[in-house]
There are 2 protein chains.
Amino acid sequence: MQLIHTKQPPIKHPHLIFLGDVTDAIFAKTGMGLKQWQPNKVMGQWRLPGCEVDLGVPDMGIEEAKKSGVKSLVIGIAPIGGQLPEAWIAALKQALEAGLDVISGLHNDLSAMTPLKQSALESGAQIINTRETPQKLPIGTGKKRSGFRLLTVGTDCAVGKKFTALALTQQLKQAGIKADFRATGQTGIMVAGDGIAIDAVVADFLTGTAEMISPDNEHNHWDIIEGQGSLFNPSYSGVSLGLLHGSQPDAIILCHDSSRKSILTCPDYDIPSIQECIDFNLQCARIVNPNCVCIGVSVNTSEMEAHRRQHHLRELSTQLNLPCVDPFTDGTSVFVQAIKDRFKFMGQPPQSNAALPPKPVNGY
Amino acid sequence: MQLIHTKQPPIKHPHLIFLGDVTDAIFAKTGMGLKQWQPNKVMGQWRLPGCEVDLGVPDMGIEEAKKSGVKSLVIGIAPIGGQLPEAWIAALKQALEAGLDVISGLHNDLSAMTPLKQSALESGAQIINTRETPQKLPIGTGKKRSGFRLLTVGTDCAVGKKFTALALTQQLKQAGIKADFRATGQTGIMVAGDGIAIDAVVADFLTGTAEMISPDNEHNHWDIIEGQGSLFNPSYSGVSLGLLHGSQPDAIILCHDSSRKSILTCPDYDIPSIQECIDFNLQCARIVNPNCVCIGVSVNTSEMEAHRRQHHLRELSTQLNLPCVDPFTDGTSVFVQAIKDRFKFMGQPPQSNAALPPKPVNGY
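Conventions we followed
Residues numbered from 1 in each chain as written. Chains lettered and ligands numbered in written order. Predicted model: local features only at pLDDT ≥ 70, side-chain atom pairs only at ≥ 80, totals over all residues. Heavy atoms only, no water. Phe/Tyr/Trp six-rings, centres within 6.5 Å; stacked < 30°, edge-to-face > 60°. Helix = DSSP H or I, 4+ residues; strand = E, 2+ residues; numbered from the N terminus. Buried < 20%, exposed > 50% of the residue type's maximum accessible area, 1.4 Å probe, protein only. Salt bridge = Lys/Arg side-chain N within 4 Å of Asp/Glu carboxyl O. Pairing = 2+ DSSP bridges. Axes fitted to C-alpha atoms, helices over the stretch in contact; angles between N-to-C directions. Parallel < 35°, antiparallel > 145°, perpendicular 65-115°, else oblique. Left-handed = near helix turned anticlockwise from the far one by under 90°. Contact = heavy atoms within 4.5 Å. Nonpolar A, V, L, I, M, F, W, Y, C, P; charged D, E, K, R; others polar. Right-handed = clockwise from strand over helix to strand, strands pointing away. 1 Å grid on protein atoms, 1.4 Å probe; cavity = no way out; pocket = protein on both sides within 12 Å on 5 of 7 lines; lining within 4 Å. Points joined across faces, edges and corners; volume = space filled by probe spheres on them.

**Topic: the packing of aromatic side chains**
Enumeration according to the criterion identifies 17 aromatic pairs over all chains in this entry. Seen from their ring centres, phenylalanine 18 of chain A and tryptophan 88 of chain A are 5.7 Å apart, and the 90 degrees between their planes marks the pair as edge-to-face. Here tryptophan 88 of chain A lies in helix H3 (residues 86–97) and phenylalanine 18 of chain A lies in strand E1 (residues 15–20), a separation of 70 residues in the sequence. Judged by relative accessible area, tryptophan 88 of chain A falls into the buried class, the value being 5%. Summarising the aromatic geometry, the rings of tryptophan 222 of chain B and phenylalanine 343 of chain B are spaced 4.9 Å apart at their centres and angled 80 degrees between planes, so their arrangement reads as edge-to-face. A residue pair is termed long-range when its members are at least 10 positions apart, and tryptophan 222 of chain B in strand E8 (residues 222–225) and phenylalanine 343 of chain B in the segment after helix H12 (333–342) qualify at 121 residues. Phenylalanine 343 of chain B shares its class with tryptophan 222 of chain B; the two are buried. Every member of this aromatic cluster is reached through a ring pair, and the members are Phe232 and Phe280 of chain A together with Phe232 and Phe280 of chain B.

Written as structure tokens, this is what we have:
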């Protein structure tokens, strides 16, 4: 089931990824995400002098890209504040003049910049901002929807919720289970080609938008929803609760970065314990879905010495009595298995799914 | 401490309250709120044929209002969806032509309506929308601020959170305690002449805006913050948590309507028990302020037979071990006393208030 949320034109591919003069891979996560999850849609990268990031795809300029059939230039760099560098504006202008759409998740409104607007008007190319939200959004109703939903939640923001959701969606499909990734942030939207940046909607419509992102579906279909922020992050907790309540998840996966000691945007706050975070997310989720369960923990162990990882994850699994893996190194097959085990009735005829999962024991 | 949030001109008074042709007092809550809380600012009411609501102030038309020194026409009717009736537009146009500002909390953008825009341009009068939010809003930081904060929270939306906050602010001032009402909705903003409609901000800035609404203040000053929605209302829970976390309250008052059986916007959901709602609000609040306490329960008993009220409230008080009153009939002096008892050190020299309140016992 495809969602048509935006009144905007569709995101055309193949893409040329614009990396500007970025020097640290952490700021190129949109480009890297696209390369990883949609390799067939990425034809090349365009790097300005000084750029030190390499996606491992051919370098090309606008002319070559155009000849190779590229349809859009995707700004592959994470949103930054302030003014755009002159060199970037010139590059984007060149792309628009050549008739390539420009796809952006930046906070800056490119379509309001006169030189870019003019080039787009002249060539007929589109400037698409993935942070732009539909004009008509609903108020949340709390109504039960058909199909299953899993939401990735976190001990903080930027701990692997999008990665986990994308990896799990892929692995569910490989296991023959109907599943869709539901994007709630700009990078996810570029990868999925659809979705709504939930933190960009007017607060009144938070849960209503979340309900819209994972609409009614087939009884054995799973929406794997990209979580945002954390209930324990005082910058984004409102968004996290709105998304949790609107998603009405049947299952959650808790995502955690083992190297994170304090909340990214609020260094005065400690990261909560994984157990506390699972308990609190379930408590909140059960206001709208009393049967919500946690099926596992996704741990980003990239900062951990390689030989310690497996031991750490095994210890955590024992302690929490839940599968704990790093999806980057281990994949997500344990989560697929957990879904199969917990929701055995998936292949059976439609019933009210509220009544089906066994009542959680010991909080899970 | 006055907040200057809007880039808009100030809300001028005295006001003429526009009631249109409204027939039910429930839809005239903005007008009634202004009359009740700012009686000196309300010079008259303007009722169109068919209007059955009476604020008990002189009826007057534009000409008389103008002569009496009225500076603005306030739309005293709760926001409605859809098109505005022709008769209303004509009335608003007449006010603007006479040079009166038009103050509106409607969802409709009056300043985009050509005839109104033109009249305003010609006379120099302003069209002010209290739902319009400042263009530059911050991301929440979670940082501790000086001074005290009390937030009214609810078992649902529309249960008396604004009324309780306004009544308590008035009574605190009468008791010689420094206090300000902090408005977070359109009616509250009209009464206070300042504030931000928290549900109208972009979700990313929810907690940051809430932090801005109750900034650093004197060590013995209380901000009494108007709550919104409910953590148990699936339409607005995200807004409620963002406001709770950004407010970092030292104290909450739980507001409840004794006649409400199910969530107003989500009839599939039962109203939570008062105890459950207090516990959950405190649990959420303590993520940002570990010393937050509940000082009482404000019950709207207007639907209850008069002779049952006091018995009901006494029973509730015993059961919850907290002061429970209907502020409409009983005032809020018990809450003022509870604040004095709980925060005895208020008159003392500034200290970190995080360290001061006694650790809560039994959850309160």
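**Quick notes on the pattern of salt bridges**
Going through the model one piece at a time under the given rule, you end up with 20 salt bridges over all chains. For arginine 260 of chain A, the salt bridge is made with aspartate 257 of chain A, and the minimal N-O distance between the two is 3.7 Å. The buried category is assigned to arginine 260 of chain A, whose relative accessible area is 15%. Look at aspartate 257 of chain A and you get buried, because its relative accessible area is 9%. Note that arginine 182 of chain B is salt-bridged to aspartate 180 of chain B, the shortest N-O span being 3.9 Å. Judged on exposure class, the residue arginine 182 of chain B and its partner aspartate 180 of chain B are both buried.

**Topic: the sheet that holds strand E12 (residues 293–300) of chain A**
Residues and elements named next belong to chain A. Across the sheet, six strands lie side by side as E7-E8-E6-E9-E12-E13; this open sheet has parallel pairing. Every interior strand has two partners, whereas the edge strands, strand E7 (179–182) and strand E13 (324–325), have only one. Note: strand E6 (residues 148–154) against strand E9 (residues 251–257), five bridges, orientation parallel. Looking across to E9, one finds that leucine 150 is bridged to alanine 251.

**Focus on the packing of helix H7 (residues 206–213) of chain B against helix H8 (residues 237–247) of chain B**
Residue and element names in this part refer to chain B. One can describe the packing of H7 onto H8 by two numbers: an axis separation of 7 Å at closest approach and a directional angle of 45 degrees. Judged on the interaxial angle alone, H8 and H7 are oblique. Two packed elements cross with a definite hand, and for H7 against H8 that hand is right-handed. Contacts between H7 and H8 involve Leu206, Thr207, Ala210 and Glu211 from the former and Gly238, Val239, Gly242, Leu243, His245, Gly246 and Ser247 from the latter. Residue composition of the contact of H7 with H8, by class: four nonpolar, six polar and one charged.

**What to know about unusual backbone geometry**
Where the residue is not glycine, phi is negative for most of them; where a peptide bond is considered, it is trans in most cases. In this structure, proline 14 of chain A follows histidine 13 of chain A across a cis peptide bond, with omega equal to 5 degrees. Within the element layout of this structure, proline 14 of chain A appears in the segment before E1. Of note in the backbone geometry, asparagine 321 of chain A takes a positive phi value of approximately 60 degrees without being a glycine. Among the residues examined, asparagine 321 of chain A registers a relative accessible area of 66% and is labelled exposed. One non-glycine residue, alanine 158 of chain B, lies in positive phi territory at about 55 degrees. Within the secondary structure, alanine 158 of chain B is located in the loop between strand E6 (148–154) and helix H5 (161–174).

**Let's talk about the pairing of strand E2 (residues 42–47) of chain A**
Residue and element names in this part refer to chain A. Two elements, E1 and E2, share five bridges in a ladder whose sense is parallel. Pairing of phenylalanine 18 across the sheet is with tryptophan 46, part of E2. Where the polypeptide runs from E1 across helix H1 (residues 29–37) and back to E2, its parallel neighbour, the crossover connection is right-handed.

**Thoughts on empty space enclosed by the protein**
Within the structure shown, the criterion is met by two cavities of 30 Å³ or more. Empty space within the largest cavity amounts to approximately 80 Å³. The greatest single-element share of the lining of the largest cavity, amounting to four residues, is contributed by E6 of chain B. Classifying every residue of the lining of the largest cavity by side-chain character gives five nonpolar, eight polar and no charged. Of the volumes computed, that of the second largest cavity is approximately 70 Å³. Residue lining of the second largest cavity: 14 residues in total, with Val153, Gln228, Gly229, Ser240 and Asn281 of chain A positioned closest to the centre. At the level of secondary structure, the elements contributing two or more residues to the lining of the second largest cavity comprise E6 and helix H8 (237–247) of chain A. If one sorts the elements of the lining of the second largest cavity by residue count, E6 of chain A sits on top with four residues.

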